Amino acid sequence: MDDLEKAILLVYEPGAADLALRAQAMAFCDRAKADPSALLRLCLDRLNRSPLVPVHFWCLQALHDAILLCYPSIPPADLHLLRSALLSLASDRPLPPAYPHFLRNKLAQALAALIRLEYPSVWPDPFLRTLPCVTSADPASVDMFARLLVALDDDLLSHDYPRSPEESADATRVKDAMRLQCVPQIARHWFDVASFYRSSNPSLATAALDTMRRYVTWIDIALIANEAFVPLLFDLILAPSSTEQLRAAAGGCVLAIAQKRMDPRQKVALLRTLPINRVFSDPELVLKVPDLVTGYAAEALECYKKLGSAEIDGSSPLEILEEVLPSVFYVMQESEEVELGNVVDFLSDYVTTMKSPSQKQAMYLGRILQVIREQICYDPAYRSNLDIPDKIGREEEDQMAEHRKGLLMLFCSVCRVAPDVTRLFIQTLLISALSSSEASVEEVEATLTLFYRLGETVNEEAARTGSGSLHELVDMLLSSRFPCHSHRMVALIYLETVTRFMKFVQDNPQHVPHVLSVFLDERGIHHPNLNVSRRASYLFMRAVKLLKAKFVPYLDMILQGLQDIVAQFTSSDWSSKDLKCPGSEDGSQTFEAIGLLIGMEDVPLEKQSEYLAAFLNPLCEKLSGLLLDAKAQGLEESSAKVLTIQQVIMALHALSKGFNERLVKNSRPAIGIMFKQTLDVVLEILISFPNIKMLRNKITSFIHRMVDILGASIFPCLPVALKQLLVESEPKDMVDFLVLVNQLIYKFGTSIEAILVEIFPAIASRLIVILPKDAFPSGPGCNTEEVRELQELQKTLYTFVHVMANHDLSSVFIAPNCMGYLDAMMQLLLLTACSHKDILLRKLCVQIFVKLIRDWCTNCNGDDKVPGFRSFVIEKFATNCCLYSVLDKSFEFRDANTLVLFGEIVLAQKVMYEKLGNDFIIHFVSQGLQAAHCPHEIAEQYYQKLQLLLLPHITSFELSNVLQQANDAKALRSFYQLLIENLRQQQNGSLVFR
């Protein structure tokens, strides 16, 4: 063993040496590749002499790389030597059968690479030289020839891989030459190998047929689809003695023949020559070649789509298609190997060809529906996992949802093409499920799933009226009680399906009692499974929103049926894992449904008060009891008491959604008093325990609702509530708090000025501490949850200030107890207006400054409401925001949002000139424009265009006046943009000023 062989062994056996030694070995091997000519001779020598498989592989790999990368630099004499050696290894002295397959494959790749470069001009006969005589050749050479053709297909000829233009040109050249020279001989070779080795060496016959399948797409079809080859292929498919691999290879060749691209009329004739019926007649055989069955059917369908039912030589595409359809259904039902997606795509394509299905097509559609129903059934082995879902059950549910996607889309297609066939099918399934005590959970769930999907295809008019057999189906659905209704999966899909057809009940009120029974008995809210019960609560709430006027006559019955649910809700241990459900369905939707029902004006006042008290009082009493207990024993975050208090507050919040301010304030003030008393109880919790975050969030949401319901009567509660919400508030808490204050401002405007004056110092002092004085850090590791919360708080703060300024509440900022925070707030606004990355936030801050200038700068003589504000605007805001921030290259005029911001900045200059007069313009020109080296005549033009905006336009038409002002503003904006762009060019060294 010489040094090269030792180095190769170290390279391919990394565990045998340390990293340094292996690196030396790799470097040694790389140096051996430096001279292509020397490398070629070295490799050929080692291939002849060395007994080591790693050495053989390295040599073949090196030869392959040299052909691909260094071919032009290899001398012609060496290339001749290379051809002879590779041919010898492939045919005359083939690698022994005991050698690994990867060596044979690598040799085939090297030969294919050389053929690509040299065939046919330089090397005219590689295929004829390597084509073995089947009866006398060594099986190893037959195997090697098959591998050569596979490598050539993979690396060059196949269209299954993306190819460069050069590769495509090479592939065309090689194919054309092969067609002229050797394809007939190769086809004969495939026939001989399949015939000769089918019994003695089936794997060799399989390899030959797999190779042939690849080449059928571009060789003359007559070489394969003939009286010799087709019978052989079907004999191999039908013969019991054929191995599964050989049968599959023969089936692949027949499918390749059927898929050969050609004129559809010729394709019909070709399909008729294939004795495929011999396969269809044997169900067991059908399952052994499922891809052949579905692929043949797809080709027949394509012919039918192009030719219709026209006969071609006594045979029509429709006849061929209908012959294969039963086998397709059988494959879909019984085969575990077939790719379901391909079959579903084929059937979907088939269904779309139908306009008015014939009787025979209707029968096929029925078969399709039956197959779909069987395919979407769960495995009974997972029944208990799905009833009380565990990890296995959830995974099975997810997998089934993915599995069902294409099948249910196919079902919807059938529904649209043949609605009567589909409805009859579902009706039959329903009757069978209801009449049999042995109907399984899986069958019933699948039936209801299809019924639910049927609702997706029914238009709104049909859903309302229940046209045709749909009326009977919905009747049957609403009165159904399945033996397996206690199972979670059945109960859930049943409720969803009932909800899907709720509009039918809207136009057929005689079914209202049935709907109420569904939701209120053990099929719905009283179902023993908590998931089902809570889902039923949510769906019942949706039903109430749609049908509440129809439910009024049954109000007493509904509320009596829900009393135990309310009692259970207030007495539950919410810390128990059994009560935890994913999502927002926690049972509080029952209270929302109750609120929607009793909050209607159709309900008499006395009854309404009685109903409301029946639900409010237990909840308030529960809260009061928990509060007394918490005061005595203390309260900790995430404790069972906190969770219970939270759920009760959520129930109160949900109950209130059925009421509005008009009802409570105007027509029925007694209802308002009840909610006001409820709010007092809730606020007592906030006063006693302001630090419990979970409760604070829920109480804030409840206050939002009370603002909407109680209107101005909530004012007495606000100072205490707002003060408590500020206690130890973190960024997320402050965001929620400011959103609440914004709601108050939107609703009450200047009426809450006194409250804002009282709380603003606490807001400002808290925000000054929380928010950074400078820009937020950027870069890796800076996008933390804490930074995102602060950014959200900053955005909410500016929205809050903007809302105040635009609702005539800027006087709050300059109230005696708030004045001390004005400077810090102005600095924060200025920093954001000038340099924040969020352009929309900058626009907001500029708009705030514009409103404050209008409010606080009353005239041009300096007699302002806020001392020092005028100079701050002129010296800081005008130059920094309106000039320097715009001059910065990051201010991108091609961005739409930036252009909007620019418009606000130009408007700010107009307002400053209007309110501050010459003080502004003199400072802006002298300290701003001229400091930025703006020519005097350009600054003068800017001044003139600014003046135009304030000159009165003498016109007899007010509209013309408005249009003129708009044109002047547009002219100023265009001029100022041009000015800025020229100043940027000047700063970059350009002396041209347009």
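Residues numbered from 1 in each chain as written. Predicted model: local features only at pLDDT ≥ 70, side-chain atom pairs only at ≥ 80, totals over all residues. Heavy atoms only, no water.

1. A look at the overall build of the protein chain
Quick reminder of the rule: Runs of E in the DSSP output that reach at least two residues are strands. Runs of H or I that reach at least four are helices, and both are numbered from the N terminus. Radius of gyration here is computed from C-alpha atoms only, and the compact-globule reference equals 2.2 Å multiplied by the residue count raised to the power 0.38. Per-residue accessibility, obtained with a 1.4 Å probe over protein chains only, is compared with the maximum for each type, and a residue is labelled buried under 20%, exposed over 50%, and partly exposed between these values. Whether two residues are in contact is decided by their heavy atoms, any of which lying within 4.5 Å being enough. Note that accessible areas follow from Shrake-Rupley with a 1.4 Å probe, and for residues the cover is restricted to the protein chains shown. Charge convention: Lys and Arg are scored as positive, Asp and Glu as negative, and His as well as the terminal groups of each chain are ignored. A charged residue contributes its charge at one atom only: NZ of Lys, CZ of Arg, CG of Asp or CD of Glu.
A count of helical and extended segments in the protein chain gives 48 helices and zero strands. Its C-alpha atoms give the protein chain a radius of gyration of 42 Å, more than 25% over the compact-globule value 30 Å for 994 residues. Referenced to the eigenvectors of the C-alpha coordinate spread, the extents of the protein chain come out at roughly 110 × 90 × 70 Å. Relative to its 994 residues, the protein chain shows a buried fraction of 52%. In the protein chain, 72% of the contacts between residues at least 6 apart in sequence involve partners at least 24 apart. Summed over all atoms, the accessible surface of the protein chain reaches about 44400 Å², with 53% contributed by carbon and sulfur. With 95 positive and 117 negative side-chain charges, the protein chain shows a spacing of 3 Å between the two charge centroids.

2. A look at the nonpolar core
Formally: Side-chain atoms within 4.5 Å link the members of a nonpolar core, which is a set of buried Ala, Val, Leu, Ile, Met, Phe, Trp, Tyr and Cys residues.
Ranked by size, the top nonpolar core spans 354 residues in total, and within it M178, W190, F540, F877, F920 and Y942 carry the most contacts. Contact partners of W190, with chain neighbours within four places excluded, come to L149, A208, T211, M212, Y215, I219, I224 and F229.

3. Topic: unusual backbone geometry
Going from Y119 to P120, the amide bond is cis rather than trans, its omega being 0°. Residues other than glycine seldom take positive phi values, yet H933 does so here, at roughly 65°. With respect to the element layout, H933 can be found in the loop between helix 46 (918-929) and helix 47 (936-948). A relative accessible area of 57% places H933 in the exposed class.

4. Looking at the confidence of the model for the protein chain
The line we're drawing: A residue's pLDDT is the confidence the predictor assigns to it, expressed on a 0 to 100 scale.
Residues of the protein chain with pLDDT of at least 70 account for 94%, and the chain-wide mean is 89. The low-confidence segment residues 989-994 (pLDDT under 50) makes 13 contacts with residues lying over four places distant or belonging to another chain.

5. Some thoughts on the side chain of Q375
Relative to the elements of secondary structure, Q375 occurs in helix 20 (residues 359-375). On the basis of relative accessible area, Q375 is assigned to the buried category, the value being 17%. With sequence-adjacent residues up to four places away left out, Q375 is seen in contact with M332, Q333, L340, H403 and L407.

6. Some remarks on a negative patch on the surface
Basically, it comes down to this: Exposure above 30% relative accessible area and the lack of any salt bridge qualify a residue for a patch; like charges then connect within 9 Å, and the nonpolar side chains Val, Leu, Ile, Met, Phe, Trp and Tyr within 5 Å. One speaks of a salt bridge when a side-chain nitrogen belonging to Lys or Arg is within 4 Å of a carboxyl oxygen belonging to Asp or Glu.
A cluster of acidic side chains, namely D291, E336, E337 and E339, defines a negative patch on the protein surface. Inspection of the secondary structure puts E336 in the loop between helix 18 (317-334) and helix 19 (340-352). On the basis of relative accessible area, E336 is assigned to the exposed category, the value being 81%.

7. Structural notes on the packing of aromatic side chains
We count it as follows: When the centres of two rings from Phe, Tyr and Trp lie within 6.5 Å, Trp using its six-membered ring, the rings pair. Their planes under 30 degrees apart give stacked, over 60 give edge-to-face, and anything left gives tilted.
Inspection of the entire model under this criterion finds 27 aromatic pairs. Each ring, one from F191 and one from F229, has its centre 5.4 Å from the other, and the planes form 80°; the classification is edge-to-face. Of the two residues, F191 sits in helix 10 (residues 183-197) while F229 sits in helix 12 (residues 229-238), which places them 38 residues apart along the sequence. There is no split in this pair, since F191 and F229 are both buried. Arranged with centres 6.1 Å apart and planes meeting at 85°, the rings of Y913 and Y943 form a pair that is edge-to-face. Remark: Y943 occurs in helix 47 and Y913 occurs in helix 45 (residues 896-916); sequence separation between them is 30 residues. By relative accessible area, which is 11% here, Y913 ends up buried.

8. With respect to the pattern of salt bridges
Summed over all chains, the structure comprises 48 salt bridges. Ionic pairing is found between D629 and K641, a salt bridge with its closest N-O pair at 2.8 Å. One end of the pair, D629, is in helix 33 (residues 605-633); the other, K641, is in helix 34 (residues 640-656), and twelve residues separate them in sequence. The shortest N-O distance in the salt bridge between E661 and K665 comes to 3.8 Å. Here the residue E661 and the residue K665 both occupy positions in helix 35 (residues 661-667), the gap between them amounting to four residues, near one helical turn. Assessed through its relative accessible area of 48%, K665 is described here as partly exposed.

9. A few points about the packing of helix 17 (residues 290-307) against helix 18
The cut-off we apply is this: The convention used is that axes are lines fitted to C-alpha atoms, helices contributing only their stretch in contact, and that angles between N-to-C directions extend from 0 to 180 degrees. We call a crossing left-handed when the near helix sits turned anticlockwise from the far one by less than a right angle, and right-handed when that turn is clockwise. Gly counts as polar in this scheme, as do all residues outside two lists: the nonpolar Ala, Val, Leu, Ile, Met, Phe, Trp, Tyr, Cys and Pro, and the charged Asp, Glu, Lys and Arg.
Contact geometry of helix 17 with helix 18 gives a least axis separation of 9 Å together with a crossing angle of 145°. Once helix 17 is placed against helix 18, the crossing between them reads as left-handed. Residues P290, V293, T294, Y296, A297, A300, L301, C303, Y304 and L307 of helix 17 pack against P317, L318, I320, L321, V324, S327, V328 and V331 of helix 18. Residue composition of the contact of helix 17 with helix 18, by class: 16 nonpolar, two polar and no charged.

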